[in-house]
Amino acid sequence: MFECQARVGQTVRFQFQLYGSEQVLDLHVQPVSLVQQRDGTITASTERQLPGTVRLDSPPELRLRSGERTKITGTWTLPSGNGQFHAAGLMVTDRSQHEQTVEQGTRPLGVRFVTRYLLRLEAEIHQLHPATSIQLASGQLSDQGGFAFANVLLRNPGRAGQRFTAKARLTDTTGHLVMDDIPLVLPVRMNQPEAKRSQVIVLPETEVLLAGRLPDPVFPGDYQLEIIVGSGRGVSHKQQFPVTVLPEQFLAQRSVVARVLKTIDIQPREIELSTLRRGNRIMPLALENKGREAVAIQLQAIDANGQPLKWLSVRPKTLTLAPGRRRNVMVSLSGRDGGGKDHYATLTVAARGTGSGSQGITQLPVAWLNAARQPAENLALGRLEMREGKTPMLQLSLENQGTRHQAPHLVLTLADDRLTKVRREAGYHAWVLPGQQQVYRFPIPDLYPGRYTATIERISERGAQPVTSQQQITIR
């Protein structure tokens, strides 16, 4: 790639080095226009004509022998418009007639493969104000494997390319900042180094999709997704889009975090203590205040009847958490003889805003593993059922009929006679307590009506082989 910084209308010289391989190459060099796909991929255009701004000084036909070096040189006259970024290309086509190796007794294939290389020319104009022609067509949150991604459709209707950076912010309906500095990048650049990944390039008269994974869990509710487009000289465009997070969205990201009062995050959301070999008798519980007021928190361990426990210790039991602060609470076993069996309890976390007086409570399951032998897994799957609504879903119930909690992850694959395949996931290793029934939901908005074979894989958190079952279901 040839990159430069230039002035409006300036003519710049470019060159590319070519190195010969083991075979003789006959190359044809041709200036071409560029087009861009939605994911950011840039290719040569077969329809757009390139204005006569790129001229070759080197011959358009080159012969490159083994071990030989040569150069492609030329000039590029930049447009006189107000674009900040310009791009063009050189298509290098291998027209070599290599002999085809054919095994004795076989016929040669009537297929010829043509190798082409796209060389890009890019120029950035620094004496102009930031671009203002960028249009933000839509902004939303999407669920990808249980994680939240911000997706933005962006248009460049102008006749010059644009280069900039983009990020997102998430606020609640009161304007309180929930998440800041969410980088938005072109999908094709997701695996690039940071310096290249953060640069967004949009060619003229093109629309691209920008994406960025939210760094923290987002919980059900209404939000504003704010998109900020800027350059090295500041913000050039800003726009907000309303988004709604549903209870069944982003469950993988929320599976490790509990929340109380909409502002206090708690990790982990399930507490497993053990007096068995290699078990932990003590565990830190992290509390973080993401709100704007101090919150008074009270913790209490209770049994199934709501009575205080003697075998579980919580220190401290009361605390006040200032905005933006994080604190660990130590949860530990205070009993030694569990009677050779597992025990379960609930840790309640009650929170009250010191200024607003708002109150909330959440409950975390606590397990004391004390059984000498791990009981066999005993999970019963129900039948897949269709759930109608704004987003069609399949739902599946699972009941833990054993004596120890399980943490399953479910993978549902639907296949029909037309080889249509849809894969969905649910569970994400959240606990199902003994005697508890859990309902899992799989969104299927893109599924055609018909009869499907549903393959359900139940994956254990402890690394056992997946348990697979099949059911037949008809989608109407």
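All values derive from a computational prediction rather than experimental measurement. (Residues numbered from 1 in each chain as written. Predicted model: local features only at pLDDT ≥ 70, side-chain atom pairs only at ≥ 80, totals over all residues. Heavy atoms only, no water.)

Engineer: If you had to explain the overall build of the chain to someone new, which residues and values would you point to?
Structural biologist: Check the secondary structure of the chain and you find two helices and 36 strands. At 30 Å, the chain has a C-alpha radius of gyration far larger than the 23 Å of a compact globule built from 476 residues. Seen through its principal axes, the chain has C-alpha atoms that stretch 90 × 70 × 50 Å. Sorting the 476 residues of the chain into buried and exposed places 43% on the buried side. Here the contacts in the chain between residues at least 6 apart in sequence split such that 66% fall between residues at least 24 apart. Accessible surface computed for the chain: about 26300 Å², of which carbon and sulfur atoms make up 46%. (Helix = DSSP H or I, 4+ residues; strand = E, 2+ residues; numbered from the N terminus. Rg over C-alpha atoms; globule rule 2.2 N^0.38 Å. Buried < 20%, exposed > 50% of the residue type's maximum accessible area, 1.4 Å probe, protein only. Contact = heavy atoms within 4.5 Å. Areas by Shrake-Rupley, 256 points an atom, 1.4 Å probe, with all protein chains shown as cover.)

Engineer: Pulling in residues and values, what's your account of the sheet that holds strand E9 (residues 85-94)?
Structural biologist: Pairing is mixed in the open sheet, where five strands are placed in the order E1-E10-E9-E3-E7. At either margin of the open sheet sits one strand with a lone partner, and together these are strand E1 (2-6) and strand E7 (61-64). Adjacent strand axes in the sheet meet at a mean angle of 25 degrees when their direction is disregarded. (Pairing = 2+ DSSP bridges. Axes fitted to C-alpha atoms, helices over the stretch in contact; angles between N-to-C directions.)

Engineer: How would you summarise unusual backbone geometry if you had to cite specific residues and measurements?
Structural biologist: Backbone phi values are negative for most residues with the exception of glycine, while trans is the configuration of most peptide bonds. Going from glutamine 267 to proline 268, the amide bond is cis rather than trans, its omega being -5 degrees. Positive phi, normally seen in glycine, also occurs at leucine 261, with a value near 65 degrees. For leucine 261, the location among the structural elements is in the loop between strand E19 (258-260) and strand E20 (264-267). Residue leucine 261 is classed as buried on the basis of its relative accessible area, which comes to 17%.

Engineer: Which residues make up the sheet that holds strand E32 (residues 408-415), and what values do they have?
Structural biologist: Spatially, the four strands line up as an open sheet ordered E33-E32-E35-E36, and their pairing is antiparallel. Each of the sheet's edge strands pairs with one partner strand only, and the pair in question is strand E33 (421-426) and strand E36 (467-475). Mean inter-strand twist for the sheet, computed between neighbouring axes without regard to direction, equals 20 degrees. The pairing of strand E35 (residues 450-460) with E36 spans nine bridges and is antiparallel. What sits directly across from threonine 455, in E36, is glutamine 470.

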